[in-house]
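Geometric and topological summary
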Amino acid sequence: MDFSNLHTILRSLYDEMMPLCSDMAGVAQAIAGLGALFYVAYRIWQSLARAEPIDVFPLLRPFVIGFCIMFFPSVVLGTINAVMSPIVQGTASMLEGQTLDMQKYREEKDRLEYEQMVNDPSTAYLVDDAEFDRQIDELGVTEIGTAAGMYIERGMYKVKKAIQNFFRELLEMLFQAASLTIDTIRTFFLIVLAILGPIAFALSVWDGFQSTLTMWIQRYIQTYLWLPVADLFSTILAKIQVLMLQNDISELTNNPNADLDGTNTAYVIFMIIGIIGYFTIPTVAGWIIQAGGAGNYNRAVNNTAMQAGSMAGSVGGAVAGNVAGRAGKLLK
C-alpha cells in the first residue's frame, strides 16, 4: 500500500472542499450585517447618552470583519495557508532526506549481513542455495541424518526470517496507519473550520462573542501544525533508525561474529514507541499555540494510543521472543 498517495488524496480533498466556504459567506454576511447594525447603534447611542464624542475607530471593526467574510477563501484562508505552508514544506524536506538515508543504510546492512553469513562455512548453507546444494552433494548415504538436520535448520531459518520480516512490515504498516489517521482527522478538522469559518467571523461581530474570532484562528493554526509536528516526529524516528543502522554496519564491518538480534529488538521497540507517539501530536501542537475546545479529544486519543501500544508491545514481545527462542534452539 502506497500511503503517500493517500496523503496526497487528503490534500486534494481539502482543496476540493474550499469552494464551499463561499456558500456560507451569504449566511455569514446576513448575520454579520445584523450584528454590525446593533454594534454600531449601541455605541453611538451610548456616546450620545453620555454627551461624549463618538470614537469612529472601534466602529470599523464589524466592517473589517465583513470584508474578511466576503473574501474569506482568499483573504483569510489564503493568508494563513501562505504563512504556514513554508513550515510544512521545511519539515517535509527534512523527513524526505532522513528517509532516503535510512533506505540506503538498510540496503547496505542487508548486504553486509548476507556476506557475513556466506563467508562463514557454518551458516553459508542457510542463505546461499548453491552452497547448500554443494554440502548436500558431499554428504554420503550414511549421513542422511545430517542432511535431514540441514534441511530442518535451513527451513527454520527461513521461517524465522519470514516471521521477523512479517512482524517488521506489520509494525511499519501500523506506523503508517497512525500517520494516516492523524492526517485524516487533521484534514477533517481543517475542512470543518474552513467551511464554518465565515459563520465564526460573523458571530464575532456580536457583543459577547468577540473571542470567537481569535479562538477560530488559534484552532485553525493549531490543527494546521499537526502535519509539521508529525513530520518532525517521523524525522526524529528516522534519524534514530539511521544511527542504529550505522552502528550495525560498523559492527558487521569490524566484527565478523556480530550478533544483531538485540538491534532488531530495539527496532521493534522504537516502532511501537512511534505508533504511540503519533497520537500525542495534537497535544504537542497545543504546546506551540494554545487553543481550547479539544481537550476531551486529546485525552481520548492518548488513552487509545496507550492501549494500542501496550497491546502491540505485548504481542510483539511474545512473538519475537518465542520465534527467536525456538529458532535459536534448533540452530544450535
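Please read these numbers as outputs of a predicted model, since none were measured by experiment.

1. Notes on the overall build of the protein
For the protein, the count of helices and strands is 13 helices and zero strands. Expressed as a percentage of its 332 residues, the buried residues of the protein come to 37%. The long-range share in the protein, meaning contacts at least 24 apart out of those at least 6 apart in sequence, stands at 79%. Accessible surface computed for the protein: about 18,600 Å², of which carbon and sulfur atoms make up 66%.

2. A look at the pattern of salt bridges
Counted according to the given criterion, the structure contains six salt bridges. Here arginine 111 and glutamate 108 are joined by a salt bridge, their closest N and O atoms 2.5 Å apart. Residue arginine 111 and its partner glutamate 108 are located together in helix α4 (residues 72–119), separated by three residues, close to a single helical turn. Here glutamate 108 falls in the partly exposed class, since its relative accessible area comes to 29%. Via salt bridges that share partners, Arg11, Asp183 and Arg186 belong to a single interconnected network.

3. So, the packing of α4 against helix α9 (residues 211–224)
Close contact between α4 and α9 brings their axes to 11 Å; oriented N to C, the two are set at 35°. Seen from above, α4 lies across α9 with right-handed handedness. For the pair α4 and α9, contact is made by Phe72, Val76, Leu77, Ile80, Asn81, Met84, Ser85 and Val88 and by Trp216, Tyr220, Ile221 and Tyr224, respectively. Of the residues belonging to the contact of α4 with α9, the class tally is ten nonpolar, two polar and no charged.

4. Remarks on the environment of phenylalanine 72
With respect to the helices, strands and loops of the structure, phenylalanine 72 is situated in helix α4. Here the alpha-carbon distance between phenylalanine 72 and serine 22, two residues 50 residues apart in the chain, equals 7.6 Å. Those residues in contact with phenylalanine 72, other than ones at most four positions away along the chain, are Cys21, Leu77, Ala194, Gly197, Pro198, Phe201 and Trp216.

5. Describing the nonpolar core
Within the largest apolar cluster, 51 residues are counted, with the highest numbers of intra-cluster contacts made by Leu77, Phe201, Trp216 and Tyr220. Among the elements that take part in this core, helix α7 (residues 144–195) stands out by supplying ten residues, more than any other. Every residue in contact with leucine 77, bar those within four places of it in the chain, is listed here: Tyr14, Met18, Cys21, Phe72, Ala194, Trp216 and Tyr220.

6. Some details on α4
The terminal C-alpha atoms of α4 lie 68 Å apart, and with 48 residues this matches the ideal 70 Å at 1.5 Å per residue to within 8%. The sharpest bend along α4 comes to roughly 35°, located at glycine 78.

7. So, helix α3 (residues 61–70)
Since one α-helical turn is 3.6 residues long, residues separated by three or four positions face the same way. When we look at burial in α3, the residues that qualify are Pro62, Ile65, Gly66, Cys68 and Ile69. End-on view of α3: buried residues confined to an arc of 160°, all on one side of the axis. Summarising the contacts, the buried residues of α3 are in contact with α2 (20–49), α4, α8 (197–203) and α9.

8. Focus on a nonpolar patch on the surface
A cluster of nonpolar side chains, Leu48, Ile54, Val56, Phe57, Leu60, Phe63 and Val64, forms an exposed patch at the surface whose accessible area comes to about 740 Å². Here phenylalanine 57 lies in the loop between α2 and α3. Here phenylalanine 57 falls in the exposed class, since its relative accessible area comes to 66%.

9. As for unusual backbone geometry
Notably, alanine 51 is not glycine yet its phi reads approximately 60°, a positive angle. Along the chain, the position of alanine 51 falls in the loop between α2 and α3. Its relative accessible area of 72% is what places alanine 51 among the exposed residues.

10. Remarks on the side chain of serine 234
By secondary structure assignment, the location of serine 234 is in helix α10 (residues 226–254). Given the relative accessible area of 8%, serine 234 is considered buried. In this structure serine 234 touches Leu95, Phe175 and Tyr278, once residues within four positions along its chain are discounted.

11. Quick word on the packing of aromatic side chains
Inspection of every chain in the model, using the stated rule, returns eleven aromatic pairs. With a centroid separation of 5.4 Å and an interplanar angle of 80°, the aromatic rings of phenylalanine 201 and tryptophan 216 are classed as edge-to-face. In this pair, phenylalanine 201 sits in helix α8 while tryptophan 216 sits in helix α9, placing the two residues 15 residues apart along the sequence. For the residue pair phenylalanine 201 and tryptophan 216, the accessibility class agrees, reading buried in each case. Among the aromatic side chains, those forming a connected cluster through ring pairs are Phe72, Phe201, Trp216, Tyr220 and Tyr224. Against the face of tyrosine 39 rests arginine 43, its NZ or CZ located 3.7 Å from the ring centre. The ring of tyrosine 224 carries the charged tip of arginine 186 above its face, separated from the ring centre by 5.0 Å.

12. Some words on the environment of valine 284
Relative to the elements of secondary structure, valine 284 occurs in helix α12 (residues 281–288). For the pair valine 284 and valine 229, spaced 55 residues apart in sequence, the C-alpha to C-alpha distance is 7.5 Å.

13. Observations concerning the confidence of the model for the protein
In the predicted model, the protein carries a mean pLDDT of 78, and 83% of its residues have values of at least 70. Considering only residues more than four positions removed or in separate chains, one finds that residues 311–332, a stretch of pLDDT under 50, has eleven contacts.

Conventions used here
- By convention here, each chain's residues receive numbers from 1 onward along its written sequence.
- Residues qualify for local features only when their pLDDT is at least 70, as the model is predicted, and side-chain atom pairs are given and counted only at 80 or more; totals for whole chains, interfaces and linings, by contrast, use all residues.
- As a rule here, side-chain values come from all non-hydrogen atoms in the structure, and water together with hydrogens is ignored.
- Only runs of H or I of at least four residues qualify as helices and only runs of E of at least two qualify as strands under DSSP, and these elements are numbered from the N terminus.
- With a 1.4 Å probe rolled over the protein chains alone, any residue whose accessible area is under 20% of its type maximum counts as buried; one over 50% counts as exposed, and the rest are partly exposed.
- Any two residues whose heavy atoms approach within 4.5 Å are treated as being in contact.
- Here the accessible surface of atoms and residues is derived via Shrake-Rupley with a 1.4 Å probe, and residues count as covered only by protein chains that are part of the display.
- For this analysis, a salt bridge means a side-chain nitrogen from Lys or Arg found within 4 Å of a carboxyl oxygen belonging to Asp or Glu.
- What counts as an axis is a line fitted to C-alpha atoms, over the stretch in contact for a helix, and the angles between N-to-C directions run from 0 to 180 degrees.
- Should the near helix be turned counterclockwise from the far one by less than a right angle, the crossing is left-handed, whereas a clockwise turn marks it as right-handed.
- Classification convention: Asp, Glu, Lys, Arg as charged; Ala, Val, Leu, Ile, Met, Phe, Trp, Tyr, Cys, Pro as nonpolar; all other residues, Gly among them, as polar.
- Each nonpolar core is a collection of buried residues, namely Ala, Val, Leu, Ile, Met, Phe, Trp, Tyr and Cys, held together in the definition by side-chain atoms within 4.5 Å.
- The span you would expect from a helix comes to 1.5 Å times its residue count less one.
- Two axes enter the bend calculation: one fitted to the seven residues ending at the residue in question, the other to the seven starting there, and the bend is the angle between them.
- Here, the arc refers to the directions that run from the helix axis to the C-beta atoms.
- Only residues whose relative accessible area exceeds 30% and that form no salt bridge are eligible for patches; like-charged ones are grouped when within 9 Å, while nonpolar side chains (Val, Leu, Ile, Met, Phe, Trp, Tyr) are grouped when within 5 Å.
- Pairing of aromatic side chains here covers Phe, Tyr and the six-membered ring of Trp, requires ring centres within 6.5 Å, and sorts the geometry by plane angle: under 30 degrees stacked, over 60 edge-to-face, intermediate tilted.
- A ring is scored as having a charge over it whenever the NZ atom of a lysine or the CZ atom of an arginine sits within 6 Å of its centre and within 35 degrees of its normal.
- Confidence of the predictor at the level of single residues is given by pLDDT, which spans 0 to 100.

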